[in-house]
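Examining the three-dimensional arrangement
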Amino acid sequence: MTYINKLVDRVEFGLLSPDDVRKISVTRIVTADTYDEDGYPIERGLMDPRLGIVDPGLRCRTCGARTRGCSGHFGHVELARPVIHVGYVDVIYDCLRATCRKCGRICLSEQKLEGYCKQVSEMAAAGRGWWALADEIVKSAATVEKCPSCGEKQQKIKFEKPTTFVEGKNRLTPSDVRERLERITNEDAQLLGINPKIARPEWMVLTALPVPPVTVRPSITLESGVRSEDDLTHKLVDIIRINQRLAENIEAGAPHLIIEDLWELLQYHVITYFTNEVSGVPPARHRSGRVLRTLAQRLKGKEGRFRGNLSGKRVDFSARTVISPDPCISINEVGVPEYVARTLTVPVRATSHNVEELRDFVRRGPDVHPGANCIISSEGKRFDLRYADREELAKVLEPGFTVERHLMDDDIVLFNRQPSLHRMSIMAHEVRVMPGRTFRLNLCVCPPYNADFDGDEMNLHVPQSEEAQVEARILMKVQEQILSPRFGGPIIGGIQEHITGAFLLTRKGALFTREQAQQLIAAAGSVKSLPKPAVREAGEEYWTGKQIFSMFLPEGLNLTYKAKICENCARCKGEECDIDAYVVIRDGQLLHGVIDARAYKALDWCEVLDRIVKDYGTDAAREFLDRVTRLSIAVATMFGFTTSIDDEDIPDEAKERIAEVLDGASDEVKKLIDVYNRGELEPLPGRSLRETLEMRIMEVLAESRDRAGEIAEKYLGLDNNAVIMARTGARGSMLNLTQMAACVGQQSVRGERLSRGYKGRTLPHFESGDLGAEARGFVHSSYKRGLKPLEFFFHAMGGREGLVDTAVRTAQSGYMQRRLINALQDLRVGYDGTVRDDRGMIIQFVYGEDQVDPARSDNGKAVNVEKIIKRVVGAE
Amino acid sequence: MVELDVRRHVLVPKHEILPAEQAKEVLEKYRVTPHQLPLIKASDPVAKAIGAKPGQILRITRDSPTAGRATAYRYVVEG
């Protein structure tokens, strides 16, 4: 490594003077043509060989270096008449307004100028900018009518976009503007915010235009042999052509009008050369009608140089394709298509221990899977195995060579899904090479990536150095990310069927024959033998689901908690719970209770998985997850688990009672409105009468929906698959179910009943001023029965608000995230526990003030005292 | 108007000026130059109230939702 002991002290931005332009120029460009008939670049043309070279093999006419060594040289064009630089029109305008039209001094009294001078030099000495002061000076000087220095009467100068200045009735030509700027003294320029040492005001009006080297605007040769020039070259051709015509016309003494027109045209071309997106200027177009991409467009915006090429760029050793699920691979693994594995490579240094193996890779070559694409000799020479005699290369391969072999099983890769919002958006996986064309991932890692399989694509990166690979393995592997630093609980865990399956397995009365039990254990990928059967009946042996589940719990695990299905009875019956919601695990045996979301669901408050990660380590947790998810899926398949709309069927009598409740509510609303109309309504404290009425109505209707739901719930028991999903926390909620079975309820926009649309009513079907339940968006129907047309319309109103909210939220939170990351990206926790930025400034004296990593803490505390006491006392 | 002593406000944590000796210890403990500490202006109401001068270091003891009590230090600068 070479270290350069130079430090950038400061960067100064200034303007190029016409002399500077000529000084850096290697040639003056005079012809607008690029190549002659033989395809050779024309001297003093836009492709002049002195401007640098793009084609490999040639040497630069100016510096003699080859393509790599020569970054090109500037040329220049002498403009026949000066033109204004679009980028500086604002500054030019300020300069013109603030200075006298005759003597060029700032139109302020001598004393005032001296005062400002003092302030500016003070600010400059303190290293601060004085833009605000310069603005103030311009503002006060612009309104002066008579120059205090020479007594000349001043005229108002108007600025017309894009580059025209009008004084009174006369248009100022760029030459006039330049003359005036020349008259500004160095001291005055300083007061206007211009440092005259690096930028004289008149340099903002161009007389010589630099021509960038060809390396900046390379021409492309198409397959047909046709040369296609860069947009910048096209623009420069325009400028030179018009410039030439202008010069000729001036020479020939053409009428004033023609010269003005050509001058104007030259100004247009120079504007669009700098930027093609000025308001008031039609964008310059290619012959095909495509808008040209000129200088400013190259830098600006998402695909510009900064955001597109410097902040983010395309990388090697990466792959992207659609993802699909595979419950049979470990959470640590990622399925990689063989085609991808053949293209991505890992460099392996040959040693005496692995030469033979590497020779085999080389012999198999780039087309057979565990092969190699390239080898690099000890001297650093590359041999591409596609075109070489592989047998020969295998022979010369010896320790010291590097082989770029194909990606293979157990290699470590980084896997990523955008938007990368938290650190779990990029995790390290072990490779499993598979047939097919998609990346395969275990379902448990969907939550951290926020992935689903409706066409999502993900990226894969192969770390190349041993150090990077080891670091990825130790710090970034999926199993190391099970606990989220966001809330200290698992972000990787069971989802959907994993929960229902475990519930079906462990609920009361689930018995399995030997054959069934063994099938389940085999599906889970375990080779343990069954414990003693819990039940013997008529010579048959039966195992409970709890026994089977316990086989996957680590020994010595003790836990007591209430499951998700717990109904929070007033008096908890503990182990005698009617619905088996009281979970007791002793020494790794599930004695009571069912396994549901509370045990191991991702992104939930989960007891079992949390305990295993914290007490038994990530290896045990990974194995537990891999096994139990496969077991649960096998159980769900064995029982058969499905849901359909008839899961929300309720008997007719229930429907009648629900209708009664809703009708009652409607009547009550009517009564409330009556009371309100009679003026007898008691207002709630701090509310107007109208607000009180709305609140009371909302209350009544919400309660009626809840009661309708309760009635429906009575007929929806745990024998119902949809209910199982909702109660165990696998998917959906009881609210979803009652909305399907009983009543959808009140629709709202901004937390209020629907009220907008027509004058005093939502739809013309109602009377103006109708405040009744139906007129303001209460939906009596259930989703199952179907919504009436008006209800459907109201439902769409409420639904739209949700959509708008999500759209707005993502945009806002995305921008907030960007700002936060920019502010926090360099912070780190030092070995002394302090949080510091990249300059060593202390941000926090103790990380989080308690030095606790939430992902490694128990309930946010460094030690869980209760747990320890329980363990010591032996209560658990 | 009665002059309010900001130090008595519930939201203002305890500020105290460190004696030069302790200030040195703090700098050595964290291995920092004074300017690497968070800063506080001498014109800050609390700094004025306790009479802190530029160049001194303040110890601030706050209630913390995570740790119960947390100590921080600030370097007094002009302004």
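Since we're looking at a predicted model, the values are computed, not measured. The written sequence of each chain sets the order in which its residues are numbered from 1. The naming scheme follows written order: chains are lettered A onward, ligands numbered 1 onward. With pLDDT at 70 or above as the cut-off, local features in this predicted model cover only qualifying residues; side-chain atom pairs require 80 or more to be listed or tallied, and sums for whole chains, interfaces and linings still use all residues.

1. Overview of the overall build of chain B
Worth spelling out the cut-off: In DSSP terms, a helix is any run of H or I states spanning at least four residues, a strand is any run of E spanning at least two, and both are numbered starting from the N terminus. Any residue surrounded by 20 or more other C-beta atoms within 10 Å of its C-beta is treated as buried, while 12 or fewer makes it exposed and the intermediate range makes it partly exposed; C-beta atoms here are placed from the backbone.
Summing up its helical and strand segments, chain B has two helices and four strands in all. Starting at the N terminus and ending at the C terminus, chain B contains elements arranged as β-α-β-α-β-β. Principal-axis analysis of the C-alpha atoms places the extent of chain B at approximately 45 × 35 × 20 Å. The buried share of chain B, reckoned over its 79 residues, is 15%.

2. Focus: the sheet that holds strand β20 (residues 540-544) of chain A
Residue and element names in this part refer to chain A. To be explicit about the condition: Paired strands are those between which DSSP finds at least two bridges.
As summarised here, the arrangement of the three strands in space is β18-β20-β19, forming an open sheet in which the pairing is antiparallel. Among the strands making up the open sheet, the edge pair consists of β18 (511-512) and β19 (535-537). Note that β19 and β20 share three bridges and pair antiparallel. Each residue of the ladder has a partner; that of Glu 537, found in β20, is Glu 540.

3. Focus: helix α21 (residues 652-678) of chain A
Because an α-helix completes one turn every 3.6 residues, residues spaced three or four positions apart along the sequence face the same direction. Residue and element names in this part refer to chain A. Quick reminder of the rule: Multiplying 1.5 Å by the helix residue count minus one yields the expected span of that helix. Residue pairs are scored as contacts if the distance between their C-beta atoms, which are placed from the backbone, is within 7 Å.
With 27 residues, α21 ought to run about 39 Å at 1.5 Å a step, and its terminal C-alpha atoms sit 39 Å apart, in line with that. Within the span of α21, buried status applies to Ile 658, Val 661, Leu 662, Ala 665, Val 669 and Leu 672. Looking at the buried residues of α21, the elements they touch are α22 (689-714). Remark: Gly 679 follows α21 within two positions and exhibits a positive phi of approximately 80°.

4. Re the interface of chain B and chain A
The condition that has to hold: Polarity classes work like this: nonpolar for Ala, Val, Leu, Ile, Met, Phe, Trp, Tyr, Cys and Pro, charged for Asp, Glu, Lys and Arg, and polar for all others, with Gly in that last group.
Each partner contributes to the interface: chain B provides 12 residues, whereas chain A provides 11 residues. The element that contributes the greatest number of residues to the side of chain B that touches chain A is strand β4 (residues 68-77) of chain B, accounting for four residues. Here the side of chain B that touches chain A is built from residues that sort into eight nonpolar, four polar and no charged.

5. Things to note about the pairing of strand β15 (residues 426-434) of chain A
Residue and element names in this part refer to chain A. The buried fraction of β15 is high, at seven of nine residues. In this structure, strand β9 (residues 333-337) lies alongside β15, joined through five bridges in parallel fashion. Opposite Val 336, over in β15, you have Val 433 as the bridge partner. The pairing of strand β14 (residues 412-416) with β15 spans five bridges and is classified as antiparallel. Bridged to Ile 412 within β15 is Glu 430.

6. Examining the domain arrangement of chain A
When the parts of a complex come together, some accessible area is lost, and that lost area is often used as the size of the interface. What counts here: In this entry, domain limits derive from an automatic or database-based domain assignment.
When the domains of chain A are assigned, the result is domain 1 (86-204), domain 2 (318-481), domain 3 (497-639), domain 4 (645-788) and domain 5 (828-871). For domain 2 of chain A versus domain 5 of chain A, the distance between C-alpha centres works out to 36 Å.

7. Description of the packing of helix α17 (residues 514-523) of chain A against helix α20 (residues 607-639) of chain A
A pair of packed helices can be characterised by two numbers: the angle between their axes and the separation between those axes. Residues and elements named next belong to chain A. Definition in use: All axes are obtained by fitting lines to C-alpha atoms, using only the stretch in contact for helices, and the reported angles, taken between N-to-C directions, cover 0 to 180 degrees. The labels follow the angle: roughly parallel below 35 degrees, roughly antiparallel above 145, roughly perpendicular from 65 to 115, and oblique for the rest. Left-handed describes a crossing whose near helix is turned anticlockwise from the far helix by less than a right angle; the clockwise case is right-handed.
Look at α17 against α20: their axes get within 8 Å of each other, and the N-to-C directions meet at 135°. Here α20 runs oblique to α17, going by the angle between their axes. For the pair α17 and α20, the crossing hand works out as right-handed. Along its contact with α17, which presents Gln 516, Leu 520 and Ala 523, the element α20 presents Arg 630, Leu 631, Ala 634, Val 635 and Met 638. Of the residues assigned to the contact of α17 with α20, the class counts are six nonpolar, one polar and one charged.

8. Some remarks on the nonpolar core
Residue and element names in this part refer to chain A. Going by this rule: Defined on buried residues, the nonpolar core groups Ala, Val, Leu, Ile, Met, Phe, Trp, Tyr and Cys residues joined through C-beta atoms within 7 Å.
Core analysis: the largest hydrophobic core is formed by 109 residues, its most contacted members being Val 336, Leu 520 and Ile 548. A total of 13 residues in this core trace back to one element, the largest contributor, which is α20. Once residues within four sequence positions are removed from consideration, Leu 520 is found in contact with Phe 512, Ile 548, Leu 631, Ala 634 and Val 635. Core analysis: the next-biggest nonpolar cluster, separate from the first, contains 55 residues, Ala 98, Ala 134, Val 205 and Val 270 among them.

9. A short note on the sheet that holds strand β3 (residues 57-64) of chain B
Residue and element names in this part refer to chain B. Judged by pairing direction, the sheet is mixed, and its four strands sit side by side in the order β1-β3-β4-β2 without closing on themselves. The sheet is open, and its two edges are formed by β1 (14-17) and β2 (39-41), each paired on a single side. Strand-to-strand twist in this sheet, taken as the mean axis angle between neighbours without regard to direction, amounts to 35°. Pairing of β2 with β4 involves three bridges; the strand directions are parallel. Note that in β4 the partner of Ile 40 across the bridge is Val 76.

10. Comments concerning the packing of helix α7 (residues 231-251) of chain A against helix α8 (residues 256-274) of chain A
Residues and elements named next belong to chain A. Contact pair α7 / α8: the axes reach a minimum separation of 9 Å and the direction vectors enclose 160°. One way to sum up the angle between α7 and α8 is to call them roughly antiparallel. α8 is crossed by α7, and the crossing has left-handed handedness. Counting all contacts with α7, which are made through Lys 235, Asp 238, Ile 239, Ile 242, Asn 243, Arg 245, Leu 246, Asn 249 and Ile 250, the residues of α8 involved are Ile 258, Ile 259, Leu 262, Trp 263, Leu 265, Leu 266, His 269, Val 270, Thr 272 and Tyr 273. Residue composition of the contact of α7 with α8, grouped by class: 12 nonpolar, four polar and three charged.

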